[in-house]
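# Report on the structure
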Amino acid sequence: SITIRRRIQWFDTDSSTKYHNTAPLRLMEEAEAALLDRLGIVRQVYGWLPRRRVTIDYLWPLRFWDEVEVDLDVAEVGRTSVTYAFRIRRGEEPHAEGSVVAVYIDGDGRPRSWPEEYRRLLQGSGSGER
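A brief report on the enclosed structure follows.

## Details of the packing of aromatic side chains
One pass over the full model with this rule turns up four aromatic pairs. Note on Y104 and W114: the rings are 4.5 Å apart at their centroids and 0° apart in plane angle, and the pair reads as stacked. A residue pair is termed long-range when its members are at least 10 positions apart, and Y104 in the loop between strand 5 (93–103) and helix 3 (116–123) and W114 in the loop between strand 5 and helix 3 qualify at 10 residues. Just as Y104 is buried, W114 falls in that class too. The interplanar angle of 70° and the centroid separation of 6.4 Å between the aromatic rings of Y104 and Y118 together place this pair among those described as edge-to-face.

## Some remarks on the nonpolar core
In terms of nonpolar packing, the biggest core is built from 35 residues, with L36, V45, L49, L72, Y84, I88 and W114 touching the most fellow members. Elements with a minimum of two residues in this core: strand 1 (2–7), helix 1 (23–39), helix 2 (42–45), strand 3 (67–77), strand 4 (81–90), strand 5 and helix 3. Setting aside residues up to four positions removed in sequence, W114 forms contacts with V45, L49, V77, G78, R79, T80, S81, V82, Y104, R119 and L122.

## Overview of a nonpolar patch on the surface
There is a patch of nonpolar side chains on the surface, built from W10, F64 and W65 and spanning about 390 Å² of accessible area. Counting through the fold element by element, W10 comes out in the loop between strand 1 and helix 1.

What counts and what doesn't
Residues numbered from 1 in each chain as written. Predicted model: local features only at pLDDT ≥ 70, side-chain atom pairs only at ≥ 80, totals over all residues. Heavy atoms only, no water. Phe/Tyr/Trp six-rings, centres within 6.5 Å; stacked < 30°, edge-to-face > 60°. Helix = DSSP H or I, 4+ residues; strand = E, 2+ residues; numbered from the N terminus. Buried < 20%, exposed > 50% of the residue type's maximum accessible area, 1.4 Å probe, protein only. Core = buried A, V, L, I, M, F, W, Y, C linked by side-chain atoms within 4.5 Å. Contact = heavy atoms within 4.5 Å. Patch = residues over 30% accessible without salt bridge, like charges linked within 9 Å, V, L, I, M, F, W, Y side chains within 5 Å. Areas by Shrake-Rupley, 256 points an atom, 1.4 Å probe, with all protein chains shown as cover. Salt bridge = Lys/Arg side-chain N within 4 Å of Asp/Glu carboxyl O.

Right, dumping it as structure tokens:
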């Protein structure tokens, strides 16, 4: 798991001045990249993890320059997939939460099994903060 702190940027908002519906996924992906970097496998797997399923519950709006924390947990590691659970919050107040399933693919776009080293790293990633 990992927690990152970020501010809602102007490009994260829409004409309502609240964060756009795509912002939580971008924030989740930033946390994912930080986690994979901390595990030392970001360059080996990023670009090979297309999304299979994304669910987001929007709980409360955020606005430009709000500071948030993005909590990302590895919820499950399958034979060829990883499931993340994430939460975006200000303090303890949740603003969005959801899950993302990504599939580890080969050069032809077919699912491939996780190397045992990557599986071990993902399953035992521990907690961290950035």
